[in-house]
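# Chain and residue survey
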There are 2 protein chains.
Amino acid sequence: MLPVLPDFPAGPLDFYRKRASFDWKKLKTFIETEEVVKFQNDLLKVLQANPVFHDDHTSQTLDEKRHKTLQRAFSIADVDLSSISTSKLNNSQRQLETLRTMAQLSPESCAKRIAGELFTNALAIQGTEKHRKLIHDVETRKIHGCLCMTEIGHGSYTNGMRTTATYDKDKREFVLDTPDFQAAKCWAGCLGKVSTHAVVYAQLYIDGMHYGLQGFVVPIRDPKTLLPFVGVTVADMGEKIGLNGIDNGVLIFDKYRIPADCYLNKYGDITPEGDYINYIKDAQEKQTIIMGSIFVARIGVIGAMECYGTKALTIAIRYAAVRRQFGPSDGEEVPILEYQSHQHRLLPYLSVMYVARFFSSYLSEVVEGLFLDSSPKQNPESLSAAAAELHALCSASKSVLGWMVRDAIQECREACGGHGYLKVAGIGHIRDDFDAVSTYDGENHVLIQQTSNWLVKLWSRVEAGGQISTPLQTANFLSDASRILKLKLNATSVEKISQPEDILQAYQWLVCYLAKQTKAKLATLTQTQGPFWARSNTQVFYAKSLSTAFLHYVALRHLLTKIDAAANIEVKNVLLKLFSLYGVWTLEKFLPTLYQGGYVQGPEATSLVHDAILALCHDVKDDAVSLVDAMAPPDFILNSVLGASDGQVYQRLKSAIFMAPGALGRPSWWREVVGWKNKL
Amino acid sequence: MLPVLPDFPAGPLDFYRKRASFDWKKLKTFIETEEVVKFQNDLLKVLQANPVFHDDHTSQTLDEKRHKTLQRAFSIADVDLSSISTSKLNNSQRQLETLRTMAQLSPESCAKRIAGELFTNALAIQGTEKHRKLIHDVETRKIHGCLCMTEIGHGSYTNGMRTTATYDKDKREFVLDTPDFQAAKCWAGCLGKVSTHAVVYAQLYIDGMHYGLQGFVVPIRDPKTLLPFVGVTVADMGEKIGLNGIDNGVLIFDKYRIPADCYLNKYGDITPEGDYINYIKDAQEKQTIIMGSIFVARIGVIGAMECYGTKALTIAIRYAAVRRQFGPSDGEEVPILEYQSHQHRLLPYLSVMYVARFFSSYLSEVVEGLFLDSSPKQNPESLSAAAAELHALCSASKSVLGWMVRDAIQECREACGGHGYLKVAGIGHIRDDFDAVSTYDGENHVLIQQTSNWLVKLWSRVEAGGQISTPLQTANFLSDASRILKLKLNATSVEKISQPEDILQAYQWLVCYLAKQTKAKLATLTQTQGPFWARSNTQVFYAKSLSTAFLHYVALRHLLTKIDAAANIEVKNVLLKLFSLYGVWTLEKFLPTLYQGGYVQGPEATSLVHDAILALCHDVKDDAVSLVDAMAPPDFILNSVLGASDGQVYQRLKSAIFMAPGALGRPSWWREVVGWKNKL
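What you see is a predicted model, and the numbers here were worked out from it, not measured in a lab. (Residues numbered from 1 in each chain as written. Chains lettered and ligands numbered in written order. Predicted model: local features only at pLDDT ≥ 70, side-chain atom pairs only at ≥ 80, totals over all residues. Heavy atoms only, no water.)

### Notes on the nonpolar core
- Among the nonpolar cores identified, the biggest contains 337 residues, and Leu27(A), Tyr354(A), Leu478(A), Leu575(A), Tyr354(B) and Leu478(B) are the most heavily contacted of them.
- Counting 37 residues, the second largest nonpolar core, distinct from the first, contains Ile143(A), Phe174(A), Phe216(A) and Val234(A). (Core = buried A, V, L, I, M, F, W, Y, C linked by side-chain atoms within 4.5 Å. Buried < 20%, exposed > 50% of the residue type's maximum accessible area, 1.4 Å probe, protein only.)

### As for the packing of aromatic side chains
- Taken as a whole and judged by the stated rule, the model has 47 aromatic pairs over all chains.
- Note on Phe216(A) and Tyr263(A): the rings are 5.4 Å apart at their centroids and 50 degrees apart in plane angle, and the pair reads as tilted. Linking Phe216(A) in strand 6 (residues 209-219) with Tyr263(A) in the loop between strand 9 (256-259) and strand 10 (268-270), this pair joins segments that are 47 residues apart in sequence. Each member of the pair, Phe216(A) together with Tyr263(A), is buried.
- Judged by centre distance (5.2 Å) and plane angle (55 degrees), the ring pair of Tyr167(B) and Phe174(B) falls under tilted. An identical accessibility class is assigned to Tyr167(B) and Phe174(B); each is buried.
- Through a chain of ring-to-ring contacts, three or more aromatic side chains come together here, namely Tyr167(A), Phe174(A), Phe216(A) and Tyr263(A).
- Over the ring of Phe30(A) we find Lys562(A), and its NZ or CZ is 5.4 Å from the ring centre.
- Against the face of Trp585(B) rests Lys589(B), its NZ or CZ located 3.8 Å from the ring centre. (Phe/Tyr/Trp six-rings, centres within 6.5 Å; stacked < 30°, edge-to-face > 60°. Helix = DSSP H or I, 4+ residues; strand = E, 2+ residues; numbered from the N terminus. Lys NZ or Arg CZ within 6 Å of the ring centre and 35° of its normal.)

### Things to note about the interface of chain B and chain A
- Across the boundary between the two partners, chain B contributes 124 residues, which contact 124 residues of chain A.
- Buried surface at the junction of chain B and chain A, summed over both partners, amounts to about 11500 Å²; 62% is from carbon and sulfur atoms.
- Of all residues in chain B, Tyr421(B), Phe541(B) and Trp669(B) give up the largest surface area on contact with chain A, accounting jointly for 7% of the area buried on that side.
- At the boundary of chain B with chain A, the tally comes to 12 salt bridges.
- Per element, the largest residue contribution to the side of chain B that touches chain A is nine residues, and it comes from helix 4 (residues 62-78) of chain B.
- Taken together, the residues of the side of chain B that touches chain A break down into 50 nonpolar, 42 polar and 32 charged. (Contact = heavy atoms within 4.5 Å. Buried area = accessible area lost by both parts, 1.4 Å probe. Salt bridge = Lys/Arg side-chain N within 4 Å of Asp/Glu carboxyl O. Nonpolar A, V, L, I, M, F, W, Y, C, P; charged D, E, K, R; others polar.)

### Description of the pattern of salt bridges
- Considering all chains together, one arrives at 78 salt bridges over all chains under this definition.
- With a shortest N-O distance of 3.4 Å, Arg345(A) and Glu443(B) are connected by a salt bridge. A residue pair is termed interchain when its members come from two chains, as with Arg345(A) in helix 9 (residues 340-371) and Glu443(B) in the loop between helix 11 (428-434) and helix 12 (444-463). Of the two residues, Arg345(A) and Glu443(B), neither departs from the other in class, the shared state being buried.
- Each of Arg17(A), Arg318(A), Asp629(A) and Asp635(A) takes part in salt bridges that share partners, so that together they form one network.

### What about the sheet that holds strand 7 (residues 232-236) of chain B?
Residue and element names in this part refer to chain B.
- Pairing is antiparallel in the open sheet, where three strands are placed in the order 4-8-7. Two strands close off the open sheet at either side, each with one partner strand: strand 4 (185-188) and strand 7. Ignoring which end each strand starts from, the neighbouring axes of this sheet average 20 degrees apart.
- Relative to strand 8 (residues 249-253), strand 7 runs antiparallel, the two being bridged by five bridges. Residue pairing in the sheet places Val232 in a bridge with Phe253 of strand 8. (Pairing = 2+ DSSP bridges. Axes fitted to C-alpha atoms, helices over the stretch in contact; angles between N-to-C directions.)

### Observations regarding the side chain of Lys193(B)
- Its location among the elements puts Lys193(B) in the loop between strand 4 and strand 5 (197-206).
- It is Asp236(B) that comes nearest to the buried, bridge-free Lys193(B) among opposite-charge side chains, at 4.4 Å.
- A distance of 2.4 Å separates a polar atom in the side chain of Lys193(B) from the backbone oxygen of Gly662(A).
- Here the side chain of Lys193(B) touches Gly665(A) through a polar contact of 2.9 Å, landing on its backbone oxygen.
- Among residues more than four places away in sequence, those in contact with Lys193(B) are Gly662(A), Ala663(A), Gly665(A), Pro667(A), Arg66(B), Arg221(B), Leu226(B), Asp236(B) and Asp247(B). (Lys, Arg positive; Asp, Glu negative; His and termini not counted. Polar contact = N/O pair within 3.5 Å; in protein donor to acceptor, adjacent residues only side chain to side chain.)

### A word on the environment of Ile497(B)
All names here are of chain B.
- Take Ile497: it is sitting in helix 14 (residues 494-497).
- Judged by its relative accessible area of 5%, Ile497 falls in the buried class.
- Beyond its immediate stretch of four places on either side in the chain, Ile497 contacts Leu489, Ala491, Asp502, Ile503, Val584, Leu608, Val609 and Ala612.

### Description of the relation of the copies chain B and chain A
- Superposing chain B onto chain A takes a rotation of 180 degrees combined with a translation of 0.0 Å along the rotation axis, leaving an RMSD of 0.0 Å. Here the symmetry operator amounts to a two-fold rotation axis. Considering only C-alpha atoms, the part of chain B nearest the rotation axis is Pro592(B), at 3.0 Å.
- When the interface residues of chain B are mapped onto chain A, 100% of them again lie at the interface, so the same face is used by both copies. (Least-squares fit on C-alpha atoms with pLDDT ≥ 70 in both.)

### A few points about the sheet that holds strand 8 (residues 249-253) of chain A
- Strands sit in the order 4-8-7 (chain A) across an open sheet of three strands; the sheet is antiparallel. The open sheet has two edge strands, strand 4 (185-188) and strand 7 (232-236) of chain A, and neither has a second partner. The mean inter-strand angle of the sheet, taken between neighbouring strand axes irrespective of direction, is 20 degrees.
- Across the sheet, helix 22 (residues 649-659) of chain B is in contact with strand 7 and strand 8 of chain A; its angle to strand 7 of chain A comes to roughly 80 degrees.

### Quick word on the UniProt feature "domain: Acyl-CoA oxidase C-terminal" (unreviewed entry) in chain A
- The sites that carry the UniProt feature "domain: Acyl-CoA oxidase C-terminal" (unreviewed entry) are, in the present numbering, residues 500-674 of chain A.
- Here residues 500-674 of chain A runs as 78% helix and 0% strand, with 67 Å between its end C-alpha atoms. (UniProt positions renumbered as here; feature names shortened; annotations may be inferred.)

### What to know about the packing of helix 8 (residues 283-322) of chain B against helix 9 (residues 340-371) of chain B
All names here are of chain B.
- In the contact formed by helix 8 and helix 9, the axes pass within 9 Å of each other and the chain directions differ by 155 degrees. On the basis of the axis angle, helix 8 is roughly antiparallel to helix 9. The interaxial crossing formed by helix 8 with helix 9 has left-handed handedness.
- Its residues placed into classes, the contact of helix 8 with helix 9 shows 17 nonpolar, eight polar and two charged. (Parallel < 35°, antiparallel > 145°, perpendicular 65-115°, else oblique. Left-handed = near helix turned anticlockwise from the far one by under 90°.)

### Some thoughts on the side chain of Ser75(B)
- Looking at the element boundaries, Ser75(B) is found in helix 4.
- Not counting the four nearest positions on each side in its chain, Ser75(B) is found in contact with Trp676(A), Asn50(B), Val52(B) and Phe53(B).

What follows is the structure in structure tokens.
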């Protein structure tokens, strides 16, 4: 093993580290590769050398948070990534790893960077040569951009957007207008304080004719003064639950005029006379290209979710290994990780983080293989089919994994007891920042419908006797549905029910069963309620469950492929335990459906699943600290008194409490406390 | 109806208000009584007249939060409650309603007051005549007190406390000492900045003999200067996830000497010569009295939980009734409350708030009937038995209802979409403040074991052929276990399975089944693992499920009693719907166990439960706004742009955004944004 991964300092965590069944360095190298680990280490040194990246948990005002985030985002962009490491990673890999590191060190500056990229990506994809200069100006920070789609009154339903762009052919200008506050653009990151330009989506009107939602690049603030132009009202949205370093904003146009060149004219254009020209022969091409850019962003979000969750799990599991409370006899207290209840609270979520880590990497690879400039050209039909499948996978991943990570973070917070409530524990802000994920980049309950829609469409083909062969081959087993639907649970032992093939078979059955049920219910309801309400009334227990089961299946199947590729037998075995734990723990939630469809019968199935979960939790607990070690960010990034790799919980807690500004002094208003009684 | 409840202003919420099946004023009066409503209204006017109770959502520093909380707590205590209303409530009812109002208006000043009461209650219960003066000094604010039990290294396991109090008979003093940081007292509210005195629990040693954990009242800061005395180190614990108005503190003694009179000597004393005298003939009496004071605090917490949850539900349901997105045809958008998925996310939690509201009132009444000074005297045995039963109920309520309220708040936050992430939505701080509840006043996973321990003990009696008759009669049905365990689900329709008697029967079966299973597993494991590990390894799927099922059963049974007492038929009917929704929705989580134990068989049971949940959600949705109206705090207290009673979501959002300080201006560091490029 290279000296790239030093041992952890000796301390209270040794108790479990010595019991681990595998070498955490081998697992980490398997997850990350040696080159990535080397790059991460070198990047960390650069970041640690800059005071702006140090965080002492002291409370900051909203303005200070914004300021610090800006400084961090600018500082990280200033780093010449190509020069900082001897690692053989190429440039795009360096960018990706830097983004991962930033997501854990400073989610806000990471989000700020992504908000800026939404602007340049929109220009690159929908703009033409004349818009290129703006991309360069962003890179040299002459201007700052953001992307405005969402309006106060409409988020998920983009057709409902009401900002208008009316073409004035005499002046060759567009007149942007916001009819009322509900039509104000909002939530765009970096809009509130910093952006000088915005890509704005507005309903295009020419001579009273409506041409749909179109993109424009709009100068909104003077780059020399940061003051908004006349006709533009731009306000900061104020304090939020988290991510307060980001200046989300509101944008209102009062008959604001922009030159004709502001129209992003790659897929259509307007002649000086006001004729609209559509450049796209095949609308599919535009759709696929736009989907590609959505995938890149969404997979970034999915990757970030795992980063958040892993941080929380690192803190809670290390704390659980150090914290001792109660014991079988007086004077002998045991780590709380030894308690069944505590294991059951945390360890399934540890398996979730491993599943999420590998699956988000898989999604990245798929996007890279299909949509990036260097990807081999596909024919439009197969690319479109792959985009639809990837959309189904990303939609379910963001929502299903997102809900699990949300619950994981909360469980970690509570599992750290009272001390977990302290800011210096480092979990509160993970939760607050993560919380935005549930509702941005596609509201989860809306998004998850995309997956079931795709599956129901495939099921219709199955029912029509067709074979399923999708580009990513995630649902090909549906072709075999009639056989699968006849299957029953054939496990009669805890060991058997925990086997990968048994778990995957159960999930194949669930997907087929739920697809069939959903399709049938949809058909019945459509007759009486019409398609809109039929779809709405098929979500709970049907479509949503279908998407969830499918995501579990695909993510587990991918994990198994990864496990097969592991060279080290101990690494393979511990990952198999996580596979089984994730599998049986998620299957437990489907027990009623498994009974309903007859896949299981009688009392034993529940007992087997329950016993398997407990046995696997018990099996994993001695490995838990090392499993966390292999995924955890360095202490500098984790920045938690409860979760540091040396396990010195109490020393760190003491330092943090006593070193906080004002911890020991009287408040400035102490006389009010002493003197209030005089008022009585 | 009295003019005490004015109509809500006309607006977007009329759509649902007009569809309600009942009169919200009648329901509110049924929940609260007319006298309470009158008092609440008058109290509100007093609070609104004081600028210190107005909150504009602008961000505050930690110090500002502390300062404001102090001012609020002092101001509310200054109000002469007896003079503010013509309501016929007696003094203790006025105190209770004020506390409820404060829990919703300013949870931190409410918590501050409770922290102070922990001090005076400890003096009243464990102190003697010589300590009375201190209580009076607190009332006149000459001194400020807090209660110190928890240490850095020990919370749930009180035997592990390590602060020592050594009696020095020569000087007639105690020497308090904190051996190391893990033994530092911590988390006490008001300790960090304000308290001049603390009740401290320390291990008493006299002449090298150990006399257990004992209470002392300890002067820690000079009341004239608020500076700590020499020998006392007291630090603020710093920023937390929420409740930052409270100054939680750390307390360390360095061989600190206090006079002998500081010992709280009601139940034992120390002679000048150092002999320990135990005054209690019957330890049961002391235990019961201390339990009584724990109940009062815990039921206060349970009541506060419902206050938090109801606020969140009010916001989310009103917003869901106003927010429109998508629709069956272009130009026709529907309120998101119409979507099945949205109903299923929110409405079961609405039923939880009703169950919690009535059940916490019930618990209060029980405590009042048993433990307050005016209560009729019980014999010690029956009082002790009632205390044990009440402890079982409170423990399960705090944990099970607590987890449901936690999930409710999070669901409400997400159900409000992106706008729910704004501070002005008012949900973020509910979650942050509520979050403390999970781990204070007894860690939930530790607490819930108290309930299962009690039930398993009863079950042993059942197995020995005994009859169960507990003072509060919550578990008497266990006597009938052999009949109950033979029962099967006899519902074959959605209507039938939603009937109160069917739901209660299912829960009776569950409690019997899980008690039997838990007892059996405990017995088996004890043989191989000993009692300590046997109990730990019987928690998941056994003991915890048992406590949960029992809590649902008792809370539902109580709700039914309340419903029977309702005079108005519409009120009765809507509460019955909530009963059924809570019943079938919570039963769904037990479906695997119901299959496991043979109470249900075959595929239909799952379908029936699922269909019943959806039918009830649909049934409740037109009543949801009015159900919220009957429970909601006034707008001044709710303080949410999304949840105000006029439904003017967008106007309020606009005002809030534009009126926030600095919303429209440049940041002070704007030159850094403009000039950073020069650094490149």
